[in-house]
Amino acid sequence: MLDEGKSREELMDELNELNTILESNRESTKKIIENERTLSKTALELVDLAPSIDIYDFIAKKLGDLIENSIIAVSMYDEPSDSILVRSVTGENQRLIEFSQKIFGGGLTEIKIPLSSFYEFYDEEELKKNTILSGKLLKMEDGLYQVFAGRLPKNITRMVELALNMGDMYGTGFESKGKLYGTVYIILKKGNTLNNQELVQSLISLFAVALQRKQAENEIKKALKEKEILLKEIHHRVKNNLMIISSLLNLQSSYTKDEGARNVFKESQNRAKSMAMIHERLYQSTDLKNIDFGDYIRSLTTDLYHTLVADPDRIRLEINVEDVKIDINTVVPLGLIVNELVTNSMKHAFPEGETGYIKVELYRKSEKIILKVSDNGIGFPEDLDYKNTSSLGLQLVNNLIRQIDGGLELDRGQGTSFALIFEEKK
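Here is what the cut-offs are and how they apply
Residues numbered from 1 in each chain as written. Predicted model: local features only at pLDDT ≥ 70, side-chain atom pairs only at ≥ 80, totals over all residues. Heavy atoms only, no water. Salt bridge = Lys/Arg side-chain N within 4 Å of Asp/Glu carboxyl O. Helix = DSSP H or I, 4+ residues; strand = E, 2+ residues; numbered from the N terminus. Buried < 20%, exposed > 50% of the residue type's maximum accessible area, 1.4 Å probe, protein only. Pairing = 2+ DSSP bridges. Axes fitted to C-alpha atoms, helices over the stretch in contact; angles between N-to-C directions. Contact = heavy atoms within 4.5 Å. 1 Å grid on protein atoms, 1.4 Å probe; cavity = no way out; pocket = protein on both sides within 12 Å on 5 of 7 lines; lining within 4 Å. Points joined across faces, edges and corners; volume = space filled by probe spheres on them. Phe/Tyr/Trp six-rings, centres within 6.5 Å; stacked < 30°, edge-to-face > 60°. Patch = residues over 30% accessible without salt bridge, like charges linked within 9 Å, V, L, I, M, F, W, Y side chains within 5 Å. Areas by Shrake-Rupley, 256 points an atom, 1.4 Å probe, with all protein chains shown as cover. Expected span 1.5 Å × (residues − 1). Nonpolar A, V, L, I, M, F, W, Y, C, P; charged D, E, K, R; others polar. Lys, Arg positive; Asp, Glu negative; His and termini not counted. Polar contact = N/O pair within 3.5 Å; in protein donor to acceptor, adjacent residues only side chain to side chain.

## Examining the pattern of salt bridges
Pairs can form between side chains of opposite charge whenever their charged atoms are close. As enumerated under the stated definition, the model contains eleven salt bridges in all. Glu-161 is the partner of Arg-158 in a salt bridge, and the nearest nitrogen-oxygen pair spans 3.1 Å. With Arg-158 and Glu-161 both in helix α7 (residues 154-163), this residue pair falls three residues apart, about one helical turn. Judged by its relative accessible area of 42%, Arg-158 falls in the partly exposed class. Taken together, the shared-partner salt bridges connect Asp-295, Arg-298 and Asp-323 into one network.

## Things to note about the sheet that holds strand β11 (residues 368-375)
Taken in spatial order, the five strands of this open sheet run β8-β10-β11-β13-β12, and their pairing is mixed. What marks the edges here is a single partner per strand, and that holds for β8 (315-321) and β12 (407-411). Within the sheet, the average angular offset between the axes of one strand and its neighbour, ignoring direction, is 10 degrees. Note: β12 against strand β13 (residues 416-423), five bridges, orientation antiparallel. Counterpart to Glu-409 in the pairing with β13 is Ala-419. Docked against the sheet, helix α11 (residues 328-348) engages β8, β10 (356-365), β11 and β13, running at close to 20 degrees with respect to β11.

## Some points on empty space enclosed by the protein
This model, assessed by the stated rule, comprises one cavity of 30 Å³ or more. Size it by volume and the largest cavity reaches roughly 350 Å³. Looking at the lining of the largest cavity, the elements with two or more residues in it are β1 (70-78), β2 (83-90), α3 (94-104), α6 (143-147), α7 and β6 (179-189). Considering each element in turn, the lining of the largest cavity owes the most residues, five residues, to α3.

## A short note on the packing of aromatic side chains
Here a ring pair, both rings aromatic, is described through the centre-centre distance and the interplanar angle of the planes. In the structure shown here, the tally under the stated rule is four aromatic pairs. Pairing Phe-121 with Tyr-145 gives two aromatic rings, centres 5.5 Å apart and planes at 65 degrees, and the pair type is edge-to-face. Here Tyr-145 lies in helix α6 and Phe-121 lies in helix α4 (residues 115-121), a separation of 24 residues in the sequence. By relative accessible area, Phe-121 is classed as partly exposed at 23%. Consider the rings of Phe-293 and Tyr-296, whose centres lie 5.5 Å apart with planes at 25 degrees: the pair is stacked. Taken together, the residues Phe-293 and Tyr-296, both in helix α10 (residues 293-308) and three residues apart, mark about one turn of the helix. Taking relative accessible area as the criterion, Tyr-296 reaches 0% and is therefore assigned buried.

## Here we look at a nonpolar patch on the surface
Taken together, the side chains of Ile-244, Leu-248, Leu-251 and Tyr-255 define a hydrophobic patch exposed on the protein surface, amounting to about 460 Å² of accessible area. Mapped onto the elements of the fold, Tyr-255 is located in the loop between α8 (197-254) and α9 (259-284). Look at Tyr-255 and you get exposed, because its relative accessible area is 65%.

## Some words on α11
Relative to the 30 Å expected for 21 residues at 1.5 Å per residue, α11 spans 30 Å between its end C-alpha atoms, a close match to the ideal helical length. Counting buried positions over the 21 residues of α11 gives 15, a clear majority of the element.

## Looking at the layout of surface pockets
When its volume is computed, the largest pocket comes out at roughly 450 Å³. What lines the largest pocket is a set of 26 residues, and nearest its centre among them are Asn-344, Ser-345, His-348, Phe-380 and Leu-394. For the lining of the largest pocket, the element with the most residues is α11, which contributes eight residues. Class assignment of the residues belonging to the lining of the largest pocket gives a composition of eleven nonpolar, ten polar and five charged. Considered as a void within the structure, the second largest pocket measures approximately 380 Å³ in volume. Looking at the second largest pocket, it is lined by 18 residues, and the ones nearest its centre are Tyr-56, Met-76, Tyr-77, Gln-215 and Asn-218. Contributions of two or more residues to the lining of the second largest pocket are made by α2 (55-66), β1 and α8. It is α8 that provides the largest number of residues to the lining of the second largest pocket, a total of six residues. The class makeup of the residues in the lining of the second largest pocket is nine nonpolar, two polar and seven charged.

## Topic: the sheet that holds β1
In spatial order, the strands read β3-β2-β1-β6-β5-β4; together these six strands make up an open sheet with antiparallel pairing. The strands lining the two open edges of the sheet, one partner per strand, are β3 (112-114) and β4 (138-139). Across two bridges, β4 lies against strand β5 (residues 166-176) in antiparallel orientation. Its bridge partner being in β5, Leu-138 is matched across the sheet by Gly-171.

## What about the side chain of Asp-78?
Take Asp-78: it is sitting in strand β1. One buried charged side chain, Asp-78, makes no salt bridge at all; its nearest oppositely charged neighbour is Lys-112, positioned 5.4 Å away. Among the polar contacts listed, one links the side chain of Asp-78 to the side chain of Ser-81, at a separation of 2.5 Å.

Written out as structure tokens, the structure reads:
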């Protein structure tokens, strides 16, 4: 309600004052919205930051784009050396580079300052001013001398400031949850001021969280790499141990005169070798959980063929396999099954003088994986139940099939054909 006792001029003055307040509020609201947009956009960019982009370069560029006529120096905290290492600088010029070469003997990104220097520079009463620890953006009243924590004489830092026309300087540490991740220093050209300091502080807090996340990711990657190396070493040692067992069985067989006993040793030797080949592939592979079973079958059956078939002109080996990735827990029993079925065909399908082929197939059909070992030899004995036999090899096959929840089908139509059908375990 208007005060009727006031003059028209007084009322107009009040109205103008209200309009000024409203305009100021509008500008303030507009600024807040713009700052929120900048923060949101930067946060999304950090989330989607490509692995090839250095996060320190990203931070320096972002602040350099926001703060005109400035030099931005972004450093990382290196825990092993307990030092601050300059990682990225924007706004540098040739004269600044020359000063760095003369004073430090290298480029700006080669500067390294022990963290102890910052503790020594600030006494306990002024510890709250220590920009490295506070996480708050503060003005460096002593300029470059304070930036370098007293590591350079005042006359030298003053000379650099004058020569490069440096003005106000601000700095802080990237601090998150009480842990230091690096530092940032903003050096303005003389005559310039740091506008929108609240946005700069908010961005620095955002960058601190991003650096914390990046370091956590790097630590996870390092742990995974160490685990990968350890697993590879385990596979390598298992493979070596299995090959030693195979060699011992071979050596033992040479001292045995009984043909049946020698065959038992030879079969056991091949079983050890079939498992050793799996661990060898896992040791050489980048995938420590799955193995290309098609490639494994090619190697295993070829190795068995050269070991067991004395006359390649009499028995032909055909391999038709798809490249199927299978989990290690399934691969080991599958490898032993292939070993037994192929060995049976090579040893029993073609008595002396008989000729023919042995075919090994591996393919997917819908959700199933089918492994087929067949031959056109004399055929599987009609009076022999392959699911209930005294044969060690077939007993082993049946036990292993139950282990992978598979099913085995026998076709006696043309020679012998065993088809193993199973699903890949999730």
